[in-house]
Amino acid sequence: MEAWDVIVLGDGPAALHAAAEAAKSGASTLLMSSTGLGDPGLAALDGLSASLQESNNRSHREDTIRCGDFLCDQDIVAETTAGAVRQVDLLERRGLNFRRDLQGLPMVRKGPGHQQPRTVDAGSATANGLQHVAEEQCMRHGVIRRGDQIPLTLVHSQQSVEGLVALDMINGRIIGLQCKALIVADGGFEGAFSTGVIGLGMDMAFRAGVELRDMEFTSHHPLAIKGTNLFLPTGLLLDGAKLHEASGAPIETADRSMVEINQAVSAAVQPVLDARQLGESAAWWGSLIRLVKQRTGIDMNRQTVPLEPTVVHTVGGLPVDGHGRCVIGTWARWFTGLYAAGDASCTGLHGAAPLSGNRLLDNLTSGAAAGKHAGEWIANRKFSTPGRLETAVEDAEADVSAMMEAGDATHVVRCGTVLANLSAALASCSSLTADTMTNLLTKLEQLSITAESLHLDQRSLIANTNLLEILRAQAAVRMMMASVQSGLARQESRGVFQREDFPETNQDFLHHITVAQDGTTGTLAVKKGAGGHWVLPPQ
């Protein structure tokens, strides 16, 4: 049985920064991903926001709070936006080259929802550049990285982490891993709305008893190519690309928030992106243009691209404090040893709607904070006895063996059927009311029963992607049920969550909503700024 000081789930910006910071503190650190290594995810779609050409972060933090419809934890907003310039500086020192202006400084543009220009990027190289820089930091500090490791069970004693059970798809065995601290940073559940690929860490913690926070808030991306899982960066709009109807009628984006742009694109009959007039900026998007042509046959230099807004960011997740510690019930109570970062967490930065460029900032900041605190905290922490972990491994082996039993091969349900039914159920709930969400919840409850009896075609544990798909499908249904239950509890419209039966914002709901595995909901107070005062009073 292996023993590690810190185990990090994931392989994107948040996970890599968390692992590097933990290892820098001297902790033996294992980073494990359920897929192959090297996938940067979608956190960099909007670039990175920082007040590079402003005297302070005041405008950035106020834009963030207003965009989040005052549901942001304002102490987190103030601290995160204040450190944004430092994040840009660190990335550049480590080798990521942002675009430059004529003065040789990182070029800032005014992204959707911002009052001032403060969004930086490196064109289509942003995501991969971030990944390479973060991977180099992990290698520098001795982080061990493993791919094709599926997390199965979080093992704990009285809400104190002892380790986890995982499936090693390379060697084909179920293993127990002792750890003093576990950092969940393998992404949110946005894949439930499209590909079915979601992070398993958040679901694992959810099943272990951690309540999820603000699950009702899901953010669409206006530049998703219709009929594909390709998402175009919003930096194209800042470089001169235009949105319009296929008929040629323009769709205005100037001085609009991302929520308003999404609403305008969704209301269009057939929205398209025209990126034929990028000029000199086209050179920064060369690899993206080649990828789109390879995948769809569309030459963005000569043709328009059909769009269909798709959920790309789920704001809700594991509730954490400023150190990345998962809190349970109240801000003062910690699930000892459990951390979360990035899209798997709900840090309080985004509130009811994320500001353009803040998603990547949140990934970098929350990952570094969780890794730093975990690396320091484990110094005085001892490993627990392996008894519970050994029992959990035996239980997991029995569960997987039961899934592999042939059963009645004449009546089988496969993963694709569940995902198709999930997509159909979500599509049927085009407007949010108590009735539509209740009907959707009923469908999801029925679907969850079906998902628990999915047919497993592969019998070997080595490279068993079929089992991985089944676990993701089951987790996707559970996450969507939690999202709907949280939505039913929020009887108002706020940010990206808009109900037709409660179209107005209600100050009585100026709090976070939590949801447990049994469907019960609770509340968590919105945190004010330092000293207990509002950074920006709710309006």
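Residues numbered from 1 in each chain as written. Predicted model: local features only at pLDDT ≥ 70, side-chain atom pairs only at ≥ 80, totals over all residues. Heavy atoms only, no water.

**Comments concerning the packing of helix 13 (residues 434-451) against helix 14 (residues 465-489)**
Each pair of packed helices can be summarised by the angle the axes make with each other and by the distance between the axes. It is at 9 Å that the axes of helix 13 and helix 14 come closest, and there the two elements cross at 155°. Relative to helix 14, the element helix 13 lies roughly antiparallel. The interaxial crossing formed by helix 13 with helix 14 has left-handed handedness. Between helix 13 and helix 14, the residues in contact are Ala434, Met437, Thr438, Leu440, Leu441, Leu444, Glu445, Leu447, Ser448 and Ala451 and Gln474, Val477, Met480, Met481, Val484, Gln485, Gly487 and Leu488, respectively. Residues belonging to the contact of helix 13 with helix 14 are distributed by class as follows: 12 nonpolar, five polar and one charged. (Axes fitted to C-alpha atoms, helices over the stretch in contact; angles between N-to-C directions. Helix = DSSP H or I, 4+ residues; strand = E, 2+ residues; numbered from the N terminus. Parallel < 35°, antiparallel > 145°, perpendicular 65-115°, else oblique. Left-handed = near helix turned anticlockwise from the far one by under 90°. Contact = heavy atoms within 4.5 Å. Nonpolar A, V, L, I, M, F, W, Y, C, P; charged D, E, K, R; others polar.)

**A word on the nonpolar core**
Core analysis: the largest hydrophobic core is formed by 90 residues, its most contacted members being Ile7, Leu182 and Leu338. Sorting elements by how many residues they give to this core places helix 14 first, with 13 residues. In this structure Leu338 touches Leu154, Val161, Leu182, Val184, Ala205, Val210, Gly324, Arg325 and Cys326, once residues within four positions along its chain are discounted. (Core = buried A, V, L, I, M, F, W, Y, C linked by side-chain atoms within 4.5 Å. Buried < 20%, exposed > 50% of the residue type's maximum accessible area, 1.4 Å probe, protein only.)

**Section: the pattern of salt bridges**
Scanning the entire structure with this criterion turns up 34 salt bridges. Note that Asp321 and Arg325 form a salt bridge whose closest N and O atoms lie 2.8 Å from each other. Bridged by salt links that share partners, the residues Arg99, Arg109, Asp121 and Asp239 form one connected network. (Salt bridge = Lys/Arg side-chain N within 4 Å of Asp/Glu carboxyl O.)

**With respect to the packing of aromatic side chains**
Any two aromatic rings considered together are summarised by their centre-to-centre distance and by the angle between their planes. For the structure shown, the criterion picks out four aromatic pairs. Centre to centre, the rings of Trp334 and Trp377 are 5.0 Å apart; their planes meet at 70°, and the pair counts as edge-to-face. Here Trp334, found in strand 17 (residues 334-340), pairs with Trp377, found in helix 10 (residues 358-377); they are 43 residues apart in sequence, far enough to count as distant. Classification of Trp377 as partly exposed rests on a relative accessible area of 22%. Three or more aromatic residues joined by ring pairs form one cluster here, namely Trp334, Tyr339 and Trp377. Between the NZ or CZ atom of Lys180 and the centre of the ring of Phe383, over which it lies, the distance is 5.0 Å. Sitting over the ring of Trp331, Lys527 keeps its end group 4.2 Å from the ring centre. (Phe/Tyr/Trp six-rings, centres within 6.5 Å; stacked < 30°, edge-to-face > 60°. Lys NZ or Arg CZ within 6 Å of the ring centre and 35° of its normal.)

**Describing the sheet that holds strand 19 (residues 512-515)**
The three strands lie next to each other as 9-19-20, forming an open sheet whose pairing is antiparallel. In the strand order of this sheet, the two ends are held by strand 9 (212-213) and strand 20 (521-524), each with one partner. Running at roughly 135° to strand 19, helix 14 makes contact with strand 9, strand 19 and strand 20 of the sheet. (Pairing = 2+ DSSP bridges.)

**Some thoughts on the environment of Leu37**
Looking at where Leu37 falls in the secondary structure, it is placed in the loop between strand 2 (29-32) and strand 3 (48-49). With 25 residues separating them in the primary sequence, Leu37 and Gly12 have C-alpha atoms 9.1 Å apart. The contact partners of Leu37, leaving out residues within four places of it in the chain, are Asp11, Arg145, Arg146 and Gly147.

**Comments concerning helix 2 (residues 58-67)**
Most of helix 2 sits out of view: seven of its 10 residues are buried. By the burial criterion, the buried members of helix 2 are Ser59, His60, Glu62, Asp63, Thr64, Ile65 and Cys67. Of the surrounding elements, those touching the buried residues of helix 2 are strand 3, helix 3 (74-82), helix 4 (84-93) and helix 10. Just downstream of helix 2 lies Asp69, where phi reads positive at about 55°.

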